[in-house]
Amino acid sequence: MELQETAAKVLRGERITPAEALLLHQRADLATLGLLADEVRRRKHPQPVVSYIIDRNLNPTNVCVTDCGFCAFYAKPQDQEKGYVLDRETIYRKVQETVDVGGVQILMQGGHHPRLDTGWFEELFRDLKQRWPDLHLHAMSPPEIVHLSHVSRISTREVLRRLQAAGMDSMPGGGAEILVESVREKIAPRKATTEEWLRVMEEAHGLGMRTTATMMFGHVETVADRIEHLDRLRQVQDRTGGFTAFIDWTFQPGDNPLGDELLAEGWSKSSHAEYFRTTAVARIFLDNLDNLQASFVTQGAEAATLALRMGCNDFGSAMLEENVVSSAGCFELVAVAEIERRIREAGFAPRQRNQRYQIIDRRGPAPLEGELEQVGAAATGRGARWVGAKG
Ligand code: SF4
């Protein structure tokens, strides 16, 4: 009965409580969750369109002092063999390659290098903006901002202000993992705390920057921890409205201490069903967030395609490089044509977007009206009207 009432609340468009989100995750069957999440997505995105972006994940350094248990990407500062800092010419070449294939954004994140300070990143951003003024710099993450504030001995707000003035356009929501301290203490005790992560996000929003929010789950946390994480995000979004999108993915074991430890204890990796349940609950619970991204890099193209019926309205990025996740052995480079095929397969029209989720379609003309109507009819059972952009 309780479950039915919660489902009815979702269908009426009412906000659900954390306790109701937990109930849905624990008791609703996957088909019901999918149906509810799809309904919420359809309300927010009536056009049967799924977007994606062409960008490149550029990691200027993998040197890091933070030692997160789940990370297979980083090198300790004394590790001369694995550690690197990209030189300018390499960075320029990577950016030019991105622009040459229609890329509109660089997603820049990296290790917490003990000697690269705020000034180093300011100079880098200025140089990039001078060469490619239209390129969108989706850069850093709250833990990197916290780290720079320690290295440069200034406040996180000042780090953000200086980097924004140098060309940082928006900030990815990396390093959130699970925003519950008891979990962070186990998997990333030296990383930014929950309060720091959330505070940096609010500071960025206060400066007019848009950011994304993420969640990496399926390791040591409970489902209640996931809901608490979503609740913290929803509270920030109520105050600022600064999150453009939410992206979740499951923890990937492989060449990292946390994975080895968990596997030795008999733990098993989250199934696709668990990914779908969590994603669907996130779509239902985060009623103030417009966009949910499917994560094909970690889940694979097939599961990501199914996630489009679990509340996701975006296929993420046709990325040219993904060092952090590929180091853990799950690299899935999905070409643009493949992304578009998958999106069509799920009954939607694929459209290229920018970081603000505005449709740009630089690569070619928009689909013909007839084509879209056909896709729309398949997806919703009725004809679709084309609207040029969504925010
Ligand atoms: S996840 Fe980031 S902060 Fe943590 S060890 Fe890896 S590079 Fe460093």
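Everything numeric in this text was worked out from a predicted model, so none of it was measured. (Residues numbered from 1 in each chain as written. Predicted model: local features only at pLDDT ≥ 70, side-chain atom pairs only at ≥ 80, totals over all residues.)

The subject of this paragraph is the site of the ligand. Around the ligand sit Cys64, Thr66, Asp67, Cys68, Cys71, Phe73, Tyr74, Gly111, His112, Pro143 and Lys191, and those are all the residues in its vicinity. Taken together, the residues of the shell around the ligand sort by class into 6 nonpolar, 3 polar and 2 charged. (Near = placed C-beta within 6 Å. Nonpolar A, V, L, I, M, F, W, Y, C, P; charged D, E, K, R; others polar.)

Along the chain, Ala19 turns up in helix α2 (residues 18-27). Measuring from C-alpha to C-alpha, the distance between Ala19 and Ala224 comes to 8.7 Å, with 205 residues separating the pair along the chain. (Helix = DSSP H or I, 4+ residues; strand = E, 2+ residues; numbered from the N terminus.)

Let's shift gears to the nonpolar core. Ranked by size, the top nonpolar core spans 97 residues in total, and within it Phe246, Ile284 and Ala307 carry the most contacts. For this core, the element with the highest residue contribution is helix α12 (residues 272-285), accounting for 7 residues. Among all residues touching Phe246, those that are not within four sequence positions of it are Ala213, Ala282, Leu286, Leu289 and Leu292. (Core = buried A, V, L, I, M, F, W, Y, C linked by C-beta atoms within 7 Å. Buried ≥ 20, exposed ≤ 12 C-beta atoms within 10 Å, placed from the backbone. Contact = placed C-beta atoms within 7 Å.)

This part takes up unusual backbone geometry. Positive phi, normally seen in glycine, also occurs at Arg153, with a value near 55 degrees. In this model, Asp255 sits at a positive phi of 60 degrees, which is unusual for a non-glycine residue. Accessibility expressed as a C-beta count within 10 Å gives 13 for Asp255, which makes it partly exposed.

This next bit is on the environment of Leu258. The topology assignment puts Leu258 in helix α11 (residues 257-264). C-beta crowding within 10 Å serves as the criterion here: with 20 such atoms nearby, Leu258 is assigned to the buried category. Along the backbone, Leu258 and Ala188 are 70 residues apart, and their C-alpha atoms lie at a distance of 9.8 Å. Residues contacting Leu258, with those up to four places away along its chain left out, are Gly69, Phe70, Ile187 and His219.

This part is about the confidence of the model for the protein chain. Looking at the protein chain as a whole, the pLDDT averages 88, with 88% of positions reaching at least 70. The low-confidence segment residues 329-333 (pLDDT under 50) makes 12 contacts with residues lying over four places distant or belonging to another chain. Confidence over residues 364-391 falls short of pLDDT 50; this stretch has 36 contacts with residues more than four positions distant or in other chains. (pLDDT = per-residue confidence, 0-100.)

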